[in-house]
Amino acid sequence: MAAQSFNITGEDDTTPGYIMGNLCLPPKGIKDPESTGPCSQVFTICSCQPKSLEVIFGDPHEDEGTLNPDTAQRFLLSTGDQFRIPPANAYKLVNHSTSTDTLLAWTIIRPRVDV
C-alpha cells in the first residue's frame, strides 16, 4: 500500500519539484521493478524486521531503466537505514520478513526544468 502526501512543482527554474509519501510492504511483499526515469528517489526505512528489506537496483553500466537480476546490486537493510536510487535506473523492493510489515517514507526529486 502506498500513499502520496505532497506533490510540489518547482517554483522557478532553479528549484526542483518533489513528491513525498510512504509505502507499506506486508510480510513477503514485493514492489515490482520500476524505472526512476529522470528523477532521483530517496527512501527512509521507518520500521521493519532487522536486515529484512532487500533493495535491488540496476548496475549503472546497464541501459537506462534496466534491472538485470544477474548484474543488479543488492542490499539487506533495517529500520533507520536510508538509500537513494539515482536517475535513469530501476529498482525493486522485497520484504523478506514472514511476520513484520516494512514501512518506508519516500521522496521523488524531479529534475529542474530550465525555462
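Residues numbered from 1 in each chain as written. Predicted model: local features only at pLDDT ≥ 70, side-chain atom pairs only at ≥ 80, totals over all residues. Heavy atoms only, no water.

Visitor: Go over the overall build of the chain, please, and point to the residues and values.
Guide: Regarding its fold elements, the chain presents 0 helices and 9 strands. In the chain, the order of α-helices and β-strands from amino to carboxyl end is β-β-β-β-β-β-β-β-β. For the chain, the C-alpha radius of gyration of 15 Å lies close to 13 Å, the compact-globule estimate for 115 residues. Out of the 115 residues belonging to the chain, those deemed buried represent 34%. Of the contacts formed within the chain by residues at least 6 apart in sequence, a portion of 76% connects residues at least 24 apart. Put simply, the chain shows about 6600 Å² of open surface, and 54% of that area lies on carbon and sulfur atoms. (Helix = DSSP H or I, 4+ residues; strand = E, 2+ residues; numbered from the N terminus. Rg over C-alpha atoms; globule rule 2.2 N^0.38 Å. Buried < 20%, exposed > 50% of the residue type's maximum accessible area, 1.4 Å probe, protein only. Contact = heavy atoms within 4.5 Å. Areas by Shrake-Rupley, 256 points an atom, 1.4 Å probe, with all protein chains shown as cover.)

Visitor: An account of unusual backbone geometry is needed here, citing residue identities and associated values.
Guide: Even without a glycine there, the phi angle at K28 is positive, about 65°. By the secondary structure assignment, K28 is in the loop between β2 (18-25) and β3 (30-35). Residues other than glycine seldom take positive phi values, yet K51 does so here, at roughly 55°. Its location among the elements puts K51 in the loop between β4 (40-47) and β5 (53-57). Taking the relative accessible area as the measure of exposure, K51 reaches 53% and is therefore exposed.

Visitor: Explain the side chain of S97 to me, and be specific about the residues and the numbers.
Guide: As for its position among the elements, S97 is in the loop between β8 (90-95) and β9 (102-109). Residue class for S97 comes out buried when judged on its relative accessible area of 1%. For S97, the side chain forms a polar contact with the side chain of Q49, separated by 2.6 Å. Setting aside chain neighbours within four positions, we find S97 in contact with P27, K28, Q49 and S52. (Polar contact = N/O pair within 3.5 Å; in protein donor to acceptor, adjacent residues only side chain to side chain.)

Visitor: Residue-level account of the sheet that holds β5, with values.
Guide: The strand order across the open sheet built from 4 strands is β3-β8-β5-β6, with neighbouring strands paired in antiparallel fashion. Of all strands in the sheet, those with a lone pairing partner are β3 and β6 (73-77), marking the two edges. Recorded for the sheet is a direction-independent mean angle of 15° between the axes of neighbouring strands. Where β3 lies against β8, 4 bridges are found, and the strand directions are antiparallel. Its bridge partner lying in β8, S35 is registered against A90. (Pairing = 2+ DSSP bridges. Axes fitted to C-alpha atoms, helices over the stretch in contact; angles between N-to-C directions.)

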